[in-house]
Amino acid sequence: MEQQIEQILQQALNELQSASQAAQLQAFSVQYLGRKGFVTQYLRNISQLPAEQRPLAGKRANEIKNILEEALQKALQEIETRQAAEDVGIDVSLPGRAAFHGSMHPITQITRQICEIFSSMGFAVAEGPEVELDHYNFESLNIPKNHPARDMQDTFYVSEAIVLRTHTSPIQVRYMEKHTPPVKIIAPGKVYRCDSDITHTPMFHQVEGLVVGEAISFGDLKGILTVFVHQMFDDQTSLRFRPSFFPFTEPSAEVDILCVMCRGKGCRVCKQTGWLEVLGSGMVHPAVFENVGYDTSRYSGFAFGMGVERIAMLKFGIDDIRKYYENDIRFLKQF
Ligand code: DAH
(Lines give C-alpha, C1' and ligand atoms only; values in the text may rest on other atoms or scores of the structure.)
Protein backbone atom coordinates (compact mmCIF):
# COMPACT_ATOMS: atom_id res chain seq x y z
CA MET A 1 0.00 0.00 0.00
CA GLU A 2 2.88 2.29 0.78
CA GLN A 3 4.30 1.72 -2.67
CA GLN A 4 0.94 2.40 -4.16
CA ILE A 5 0.68 5.94 -2.79
CA GLU A 6 4.21 6.81 -4.01
CA GLN A 7 3.24 5.58 -7.46
CA ILE A 8 0.12 7.70 -7.38
CA LEU A 9 2.25 10.70 -6.51
CA GLN A 10 4.65 10.12 -9.40
CA GLN A 11 1.88 9.54 -11.86
CA ALA A 12 0.00 12.62 -10.69
CA LEU A 13 3.06 14.84 -11.03
CA ASN A 14 3.73 13.52 -14.54
CA GLU A 15 0.19 14.24 -15.54
CA LEU A 16 0.38 17.75 -14.18
CA GLN A 17 3.49 18.39 -16.20
CA SER A 18 1.90 17.49 -19.46
CA ALA A 19 -1.35 19.32 -18.75
CA SER A 20 -1.62 22.48 -20.84
CA GLN A 21 -5.33 23.30 -20.55
CA ALA A 22 -7.36 24.48 -17.61
CA ALA A 23 -9.88 21.67 -18.29
CA GLN A 24 -7.18 19.02 -17.86
CA LEU A 25 -6.37 20.47 -14.47
CA GLN A 26 -10.02 20.35 -13.53
CA ALA A 27 -10.10 16.63 -14.35
CA PHE A 28 -6.86 16.14 -12.47
CA SER A 29 -8.31 17.74 -9.38
CA VAL A 30 -11.32 15.40 -9.44
CA GLN A 31 -9.25 12.32 -10.21
CA TYR A 32 -6.73 12.78 -7.41
CA LEU A 33 -8.04 15.17 -4.86
CA GLY A 34 -11.84 14.96 -5.29
CA ARG A 35 -14.16 13.08 -2.90
CA LYS A 36 -13.69 9.89 -4.83
CA GLY A 37 -10.16 10.69 -5.95
CA PHE A 38 -7.13 8.44 -5.46
CA VAL A 39 -5.67 10.31 -2.54
CA THR A 40 -8.96 10.58 -0.70
CA GLN A 41 -9.62 6.89 -1.23
CA TYR A 42 -6.19 6.05 0.05
CA LEU A 43 -6.72 8.11 3.18
CA ARG A 44 -9.92 6.26 3.82
CA ASN A 45 -8.28 2.86 3.44
CA ILE A 46 -5.71 3.66 6.08
CA SER A 47 -8.13 2.53 8.79
CA GLN A 48 -7.75 -1.02 7.44
CA LEU A 49 -3.99 -1.07 8.01
CA PRO A 50 -2.51 -2.70 11.12
CA ALA A 51 -2.62 -0.15 13.94
CA GLU A 52 1.15 0.39 14.10
CA GLN A 53 1.37 1.32 10.40
CA ARG A 54 -1.47 3.82 10.48
CA PRO A 55 0.27 6.95 11.88
CA LEU A 56 3.12 6.89 9.34
CA ALA A 57 0.88 6.08 6.40
CA GLY A 58 -1.51 8.86 7.41
CA LYS A 59 1.29 11.37 7.70
CA ARG A 60 2.68 10.53 4.27
CA ALA A 61 -0.74 10.56 2.63
CA ASN A 62 -1.39 14.05 4.00
CA GLU A 63 2.00 15.23 2.79
CA ILE A 64 1.24 13.91 -0.66
CA LYS A 65 -2.14 15.60 -0.62
CA ASN A 66 -0.41 18.92 0.16
CA ILE A 67 2.24 18.39 -2.52
CA LEU A 68 -0.40 17.75 -5.14
CA GLU A 69 -2.55 20.67 -4.05
CA GLU A 70 0.39 23.02 -4.30
CA ALA A 71 1.53 21.65 -7.65
CA LEU A 72 -2.01 22.00 -8.97
CA GLN A 73 -2.20 25.63 -7.87
CA LYS A 74 1.12 26.36 -9.54
CA ALA A 75 0.06 24.72 -12.78
CA LEU A 76 -3.21 26.67 -12.74
CA GLN A 77 -1.33 29.91 -12.28
CA GLU A 78 1.05 29.16 -15.13
CA ILE A 79 -1.80 28.43 -17.47
CA GLU A 80 -3.56 31.64 -16.45
CA THR A 81 -0.42 33.72 -16.95
CA ARG A 82 0.19 32.20 -20.36
CA GLN A 83 -3.42 32.74 -21.33
CA ALA A 84 -3.25 36.39 -20.24
CA ALA A 85 -0.07 36.90 -22.30
CA GLU A 86 -1.60 35.25 -25.34
CA ASP A 87 -4.71 37.39 -24.97
CA VAL A 88 -2.61 40.50 -25.50
CA GLY A 89 -0.65 38.94 -28.34
CA ILE A 90 2.53 37.79 -26.58
CA ASP A 91 3.95 34.45 -27.64
CA VAL A 92 5.50 33.04 -24.49
CA SER A 93 7.16 30.22 -26.42
CA LEU A 94 9.53 32.67 -28.18
CA PRO A 95 12.95 33.17 -26.59
CA GLY A 96 13.11 36.44 -24.64
CA ARG A 97 15.21 39.45 -25.53
CA ALA A 98 18.16 39.88 -23.19
CA ALA A 99 18.06 43.08 -21.16
CA PHE A 100 21.38 44.91 -21.15
CA HIS A 101 22.78 46.02 -17.84
CA GLY A 102 23.92 49.57 -17.61
CA SER A 103 26.95 50.52 -15.58
CA MET A 104 28.35 53.66 -14.04
CA HIS A 105 30.14 56.04 -16.38
CA PRO A 106 33.91 55.99 -15.72
CA ILE A 107 33.85 59.69 -14.78
CA THR A 108 31.11 59.03 -12.23
CA GLN A 109 33.14 56.12 -10.86
CA ILE A 110 36.26 58.24 -10.43
CA THR A 111 34.31 61.20 -8.98
CA ARG A 112 32.81 58.88 -6.40
CA GLN A 113 36.16 57.36 -5.61
CA ILE A 114 37.69 60.81 -5.07
CA CYS A 115 34.77 61.81 -2.83
CA GLU A 116 35.08 58.59 -0.82
CA ILE A 117 38.78 59.16 -0.15
CA PHE A 118 38.13 62.70 1.09
CA SER A 119 35.02 61.67 3.03
CA SER A 120 37.15 59.14 4.87
CA MET A 121 39.33 62.09 5.96
CA GLY A 122 36.30 63.94 7.32
CA PHE A 123 35.42 66.17 4.35
CA ALA A 124 31.77 67.04 3.71
CA VAL A 125 30.49 67.22 0.12
CA ALA A 126 29.10 70.56 -1.12
CA GLU A 127 27.49 71.53 -4.40
CA GLY A 128 26.69 74.70 -6.31
CA PRO A 129 25.01 75.91 -9.51
CA GLU A 130 26.52 75.28 -12.95
CA VAL A 131 25.03 78.48 -14.30
CA GLU A 132 26.83 80.90 -12.04
CA LEU A 133 27.07 84.60 -11.35
CA ASP A 134 30.21 86.28 -12.62
CA HIS A 135 30.49 87.51 -9.04
CA TYR A 136 31.00 84.01 -7.61
CA ASN A 137 32.95 82.55 -10.51
CA PHE A 138 35.43 85.45 -10.68
CA GLU A 139 35.04 88.58 -8.60
CA SER A 140 34.68 87.00 -5.16
CA LEU A 141 37.70 84.83 -6.00
CA ASN A 142 39.84 87.90 -6.45
CA ILE A 143 39.56 87.93 -10.25
CA PRO A 144 38.19 91.38 -11.11
CA LYS A 145 36.78 92.27 -14.53
CA ASN A 146 39.50 92.82 -17.12
CA HIS A 147 42.04 91.04 -14.90
CA PRO A 148 44.47 89.11 -17.12
CA ALA A 149 43.83 85.97 -15.03
CA ARG A 150 40.44 85.72 -16.74
CA ASP A 151 42.31 84.71 -19.87
CA MET A 152 43.33 81.47 -18.12
CA GLN A 153 39.76 80.25 -18.55
CA ASP A 154 37.84 80.61 -21.82
CA THR A 155 34.43 81.48 -20.50
CA PHE A 156 30.96 80.83 -21.87
CA TYR A 157 29.00 83.96 -21.04
CA VAL A 158 25.24 83.66 -20.64
CA SER A 159 24.98 87.40 -20.15
CA GLU A 160 27.22 90.16 -18.84
CA ALA A 161 26.72 89.00 -15.25
CA ILE A 162 26.08 85.27 -15.72
CA VAL A 163 28.49 82.56 -16.88
CA LEU A 164 28.67 78.79 -17.10
CA ARG A 165 31.03 78.19 -14.21
CA THR A 166 34.57 77.68 -15.43
CA HIS A 167 35.69 75.91 -12.27
CA THR A 168 34.24 74.54 -9.02
CA SER A 169 35.96 77.26 -6.97
CA PRO A 170 32.79 79.43 -6.68
CA ILE A 171 31.35 76.69 -4.44
CA GLN A 172 34.05 77.60 -1.88
CA VAL A 173 32.72 81.12 -1.65
CA ARG A 174 29.07 80.13 -1.56
CA TYR A 175 29.83 77.66 1.22
CA MET A 176 31.90 80.09 3.30
CA GLU A 177 29.15 82.72 3.08
CA LYS A 178 26.80 80.30 4.83
CA HIS A 179 29.16 78.60 7.30
CA THR A 180 31.64 79.73 9.90
CA PRO A 181 34.95 77.86 10.29
CA PRO A 182 36.00 75.16 10.75
CA VAL A 183 35.27 74.27 7.13
CA LYS A 184 36.33 71.03 5.47
CA ILE A 185 34.60 70.39 2.16
CA ILE A 186 35.04 68.98 -1.27
CA ALA A 187 32.84 70.12 -4.13
CA PRO A 188 32.52 67.91 -7.21
CA GLY A 189 30.76 69.07 -10.35
CA LYS A 190 30.61 69.91 -14.03
CA VAL A 191 32.46 72.94 -15.34
CA TYR A 192 32.54 74.59 -18.78
CA ARG A 193 35.21 76.17 -20.92
CA CYS A 194 35.23 77.11 -24.57
CA ASP A 195 37.96 74.65 -25.47
CA SER A 196 38.05 71.41 -27.43
CA ASP A 197 40.92 69.13 -28.39
CA ILE A 198 42.49 65.81 -27.41
CA THR A 199 42.86 66.89 -23.76
CA HIS A 200 39.95 69.36 -23.47
CA THR A 201 36.18 69.08 -23.77
CA PRO A 202 33.83 72.09 -23.42
CA MET A 203 32.26 70.37 -20.41
CA PHE A 204 34.37 68.51 -17.90
CA HIS A 205 34.44 67.73 -14.19
CA GLN A 206 36.38 69.10 -11.28
CA VAL A 207 36.60 68.39 -7.60
CA GLU A 208 37.35 71.36 -5.42
CA GLY A 209 38.65 71.14 -1.87
CA LEU A 210 38.64 73.71 0.92
CA VAL A 211 39.84 73.56 4.51
CA VAL A 212 39.59 76.59 6.81
CA GLY A 213 40.30 76.83 10.51
CA GLU A 214 42.73 78.17 13.04
CA ALA A 215 46.40 77.53 12.28
CA ILE A 216 45.84 75.60 9.06
CA SER A 217 49.16 75.47 7.23
CA PHE A 218 50.69 74.55 3.91
CA GLY A 219 51.94 71.42 5.68
CA ASP A 220 48.30 70.34 6.17
CA LEU A 221 47.69 70.84 2.46
CA LYS A 222 50.67 68.66 1.61
CA GLY A 223 49.58 65.99 4.07
CA ILE A 224 46.01 65.78 2.83
CA LEU A 225 47.01 65.71 -0.84
CA THR A 226 49.67 63.10 -0.20
CA VAL A 227 47.13 60.78 1.43
CA PHE A 228 44.77 61.41 -1.46
CA VAL A 229 47.33 60.62 -4.18
CA HIS A 230 48.54 57.52 -2.35
CA GLN A 231 45.00 56.20 -2.05
CA MET A 232 43.96 57.15 -5.58
CA PHE A 233 47.06 55.69 -7.21
CA ASP A 234 49.47 53.96 -4.81
CA ASP A 235 51.95 54.91 -2.13
CA GLN A 236 54.86 54.78 -4.58
CA THR A 237 53.35 57.77 -6.39
CA SER A 238 55.26 60.72 -4.98
CA LEU A 239 54.18 64.35 -5.19
CA ARG A 240 55.96 67.53 -6.20
CA PHE A 241 54.72 71.02 -5.34
CA ARG A 242 55.66 73.61 -7.96
CA PRO A 243 55.22 77.36 -7.29
CA SER A 244 52.43 78.76 -9.42
CA PHE A 245 49.82 81.51 -9.51
CA PHE A 246 46.10 81.58 -8.85
CA PRO A 247 44.40 84.85 -7.89
CA PHE A 248 42.49 83.14 -5.05
CA THR A 249 45.48 81.55 -3.34
CA GLU A 250 48.78 82.88 -2.03
CA PRO A 251 51.15 81.13 -2.14
CA SER A 252 49.91 78.87 -4.93
CA ALA A 253 51.26 75.58 -6.16
CA GLU A 254 50.66 73.16 -8.97
CA VAL A 255 50.89 69.59 -7.80
CA ASP A 256 52.64 67.05 -9.98
CA ILE A 257 52.66 63.32 -9.35
CA LEU A 258 55.34 60.88 -10.43
CA CYS A 259 54.32 59.62 -13.87
CA VAL A 260 52.07 56.62 -13.28
CA MET A 261 53.01 55.20 -16.69
CA CYS A 262 56.83 55.26 -16.58
CA ARG A 263 57.43 55.84 -12.84
CA GLY A 264 59.59 58.86 -13.56
CA LYS A 265 61.75 57.46 -16.35
CA GLY A 266 60.20 59.72 -18.97
CA CYS A 267 57.61 58.69 -21.55
CA ARG A 268 55.15 60.10 -24.07
CA VAL A 269 52.43 60.63 -21.43
CA CYS A 270 54.64 62.78 -19.15
CA LYS A 271 56.36 64.37 -22.16
CA GLN A 272 59.67 62.86 -21.01
CA THR A 273 59.58 64.86 -17.74
CA GLY A 274 58.73 61.96 -15.42
CA TRP A 275 56.00 64.09 -13.80
CA LEU A 276 52.31 64.72 -14.41
CA GLU A 277 50.47 67.86 -13.41
CA VAL A 278 47.24 66.86 -11.67
CA LEU A 279 45.98 69.74 -9.59
CA GLY A 280 46.14 73.37 -8.54
CA SER A 281 46.31 74.41 -4.92
CA GLY A 282 47.39 77.01 -2.41
CA MET A 283 46.67 78.91 0.79
CA VAL A 284 43.38 80.80 0.50
CA HIS A 285 44.07 84.46 -0.37
CA PRO A 286 43.07 86.93 2.38
CA ALA A 287 41.00 88.86 -0.20
CA VAL A 288 38.75 85.79 -0.59
CA PHE A 289 38.27 85.55 3.18
CA GLU A 290 37.46 89.25 3.35
CA ASN A 291 34.82 88.81 0.64
CA VAL A 292 32.98 86.28 2.82
CA GLY A 293 33.54 88.14 6.09
CA TYR A 294 36.05 85.74 7.68
CA ASP A 295 38.50 87.20 10.19
CA THR A 296 41.86 86.89 8.42
CA SER A 297 43.80 87.39 11.64
CA ARG A 298 42.16 84.33 13.11
CA TYR A 299 41.61 81.94 10.22
CA SER A 300 43.76 80.45 7.52
CA GLY A 301 43.05 77.73 5.03
CA PHE A 302 44.03 75.92 1.89
CA ALA A 303 42.21 75.02 -1.29
CA PHE A 304 42.79 72.80 -4.25
CA GLY A 305 41.09 71.87 -7.49
CA MET A 306 41.55 68.93 -9.81
CA GLY A 307 40.17 67.72 -13.12
CA VAL A 308 38.36 64.40 -12.82
CA GLU A 309 38.86 63.47 -16.48
CA ARG A 310 42.60 63.97 -16.09
CA ILE A 311 42.71 61.64 -13.08
CA ALA A 312 40.52 59.11 -14.89
CA MET A 313 42.69 59.22 -18.02
CA LEU A 314 45.77 58.43 -15.93
CA LYS A 315 44.00 55.72 -13.94
CA PHE A 316 42.58 53.98 -16.99
CA GLY A 317 45.36 54.80 -19.48
CA ILE A 318 43.10 56.75 -21.86
CA ASP A 319 44.88 59.22 -24.14
CA ASP A 320 41.92 61.10 -25.69
CA ILE A 321 39.51 62.85 -23.32
CA ARG A 322 36.80 63.01 -26.00
CA LYS A 323 36.30 59.23 -25.76
CA TYR A 324 34.48 59.77 -22.46
CA TYR A 325 31.74 61.72 -24.19
CA GLU A 326 31.23 59.97 -27.51
CA ASN A 327 28.80 57.49 -25.92
CA ASP A 328 30.44 54.59 -27.71
CA ILE A 329 29.15 51.56 -25.82
CA ARG A 330 32.22 49.53 -26.81
CA PHE A 331 34.40 52.06 -25.01
CA LEU A 332 32.16 52.51 -21.97
CA LYS A 333 31.64 48.78 -21.48
CA GLN A 334 35.27 48.37 -20.48
CA PHE A 335 34.88 50.11 -17.14
N1 DAH B 1 40.11 76.65 -10.05
C2 DAH B 1 41.37 76.27 -10.59
C3 DAH B 1 41.23 75.89 -12.04
O4 DAH B 1 40.17 75.57 -12.47
C5 DAH B 1 41.92 75.08 -9.82
C6 DAH B 1 42.29 75.48 -8.45
C7 DAH B 1 43.56 75.91 -8.18
C8 DAH B 1 41.38 75.43 -7.45
C9 DAH B 1 43.93 76.31 -6.94
C10 DAH B 1 41.73 75.83 -6.16
C11 DAH B 1 43.02 76.26 -5.94
O12 DAH B 1 40.88 75.81 -5.14
O13 DAH B 1 43.33 76.62 -4.68
O14 DAH B 1 42.19 75.91 -12.75
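Scroll up for the structure.
The text that follows walks through the structure, step by step, so that each part is easy to find. All values derive from a computational prediction rather than experimental measurement.

All right, on to the packing of aromatic side chains then. Aromatic ring pairs are described here by two measures, namely the spacing of the ring centres and the angle between the planes. Summed over the entire model, instances satisfying the criterion amount to 14 aromatic pairs. Residues Phe28 and Tyr32 carry aromatic rings whose centres are separated by 4.8 Å and whose planes lie at 40° to one another, so their mutual orientation is tilted. Placement of both Phe28 and Tyr32 in helix H2 (residues 22-33) is noted, with a separation of four residues, approximately one turn of the helix. By relative accessible area, which is 4% here, Phe28 ends up buried. Look at Tyr32 and you get buried, because its relative accessible area is 0%. Here a set of aromatic residues connected by ring pairs shows up, and it is made of Phe118, Phe123, Phe228, Phe302 and Phe304. The residue whose ring lies beneath Arg174 is Tyr136, and the NZ or CZ to ring-centre distance is 4.1 Å. In this structure, Lys315 is placed above the aromatic ring of Phe233, and the distance from its NZ or CZ to the ring centre is 5.8 Å.

Moving on, we get to the pattern of salt bridges. Counted under the stated rule, the structure contains 16 salt bridges. Note that Glu132 is salt-bridged to Arg174, the shortest N-O span being 2.7 Å. Here the residue Glu132 occupies a position in strand E2 (residues 131-133), and Arg174 occupies one in helix H7 (residues 169-178), the gap between them amounting to 42 residues. Taking relative accessible area as the criterion, Glu132 reaches 1% and is therefore assigned buried. Classification of Arg174 as partly exposed rests on a relative accessible area of 24%. The closest approach of N and O atoms between Arg150 and Asp134, which form a salt bridge, is 2.9 Å. Placement of the pair is Arg150 in the loop between helix H6 (134-137) and strand E3 (162-164) and Asp134 in helix H6, with a sequence separation of 16 residues.

Right, let's get into the packing of helix H5 (residues 106-120) against helix H10 (residues 308-316). The description of two helices packed together rests on the angle between their axes and the distance between the axes. Contact geometry of H5 with H10 gives a least axis separation of 9 Å together with a crossing angle of 100°. Accordingly, the angle class assigned to the pair H5 and H10 is roughly perpendicular. The segment H5 lies against H10, with Pro106, Ile107, Gln109, Ile110, Thr111, Gln113 and Ile114 engaging Val308, Glu309, Ile311, Ala312, Lys315 and Phe316. A per-class count over the contact of H5 with H10 returns eight nonpolar, three polar and two charged.

Okay, the sheet that holds strand E6 (residues 239-246) next. The mixed open sheet is built from seven strands, whose spatial order is E1-E4-E5-E9-E8-E7-E6. Each end of this open sheet is capped by a strand with a single partner; those strands are strand E1 (124-125) and E6. With five bridges connecting them, strand E8 (residues 275-284) and strand E9 (residues 300-307) associate as antiparallel partners. The residue of E9 that forms the bridge with Gly280 is Gly305. Most of the contacts of helix H8 (residues 218-232) go to E6, to which it runs at about 125°, and overall it touches E6, strand E7 (249-258), E8 and E9.

About the criteria used
Residues numbered from 1 in each chain as written. Predicted model: local features only at pLDDT ≥ 70, side-chain atom pairs only at ≥ 80, totals over all residues. Heavy atoms only, no water. Phe/Tyr/Trp six-rings, centres within 6.5 Å; stacked < 30°, edge-to-face > 60°. Helix = DSSP H or I, 4+ residues; strand = E, 2+ residues; numbered from the N terminus. Buried < 20%, exposed > 50% of the residue type's maximum accessible area, 1.4 Å probe, protein only. Lys NZ or Arg CZ within 6 Å of the ring centre and 35° of its normal. Salt bridge = Lys/Arg side-chain N within 4 Å of Asp/Glu carboxyl O. Axes fitted to C-alpha atoms, helices over the stretch in contact; angles between N-to-C directions. Parallel < 35°, antiparallel > 145°, perpendicular 65-115°, else oblique. Contact = heavy atoms within 4.5 Å. Nonpolar A, V, L, I, M, F, W, Y, C, P; charged D, E, K, R; others polar. Pairing = 2+ DSSP bridges.

Shape descriptors only; they carry no functional weight alone.
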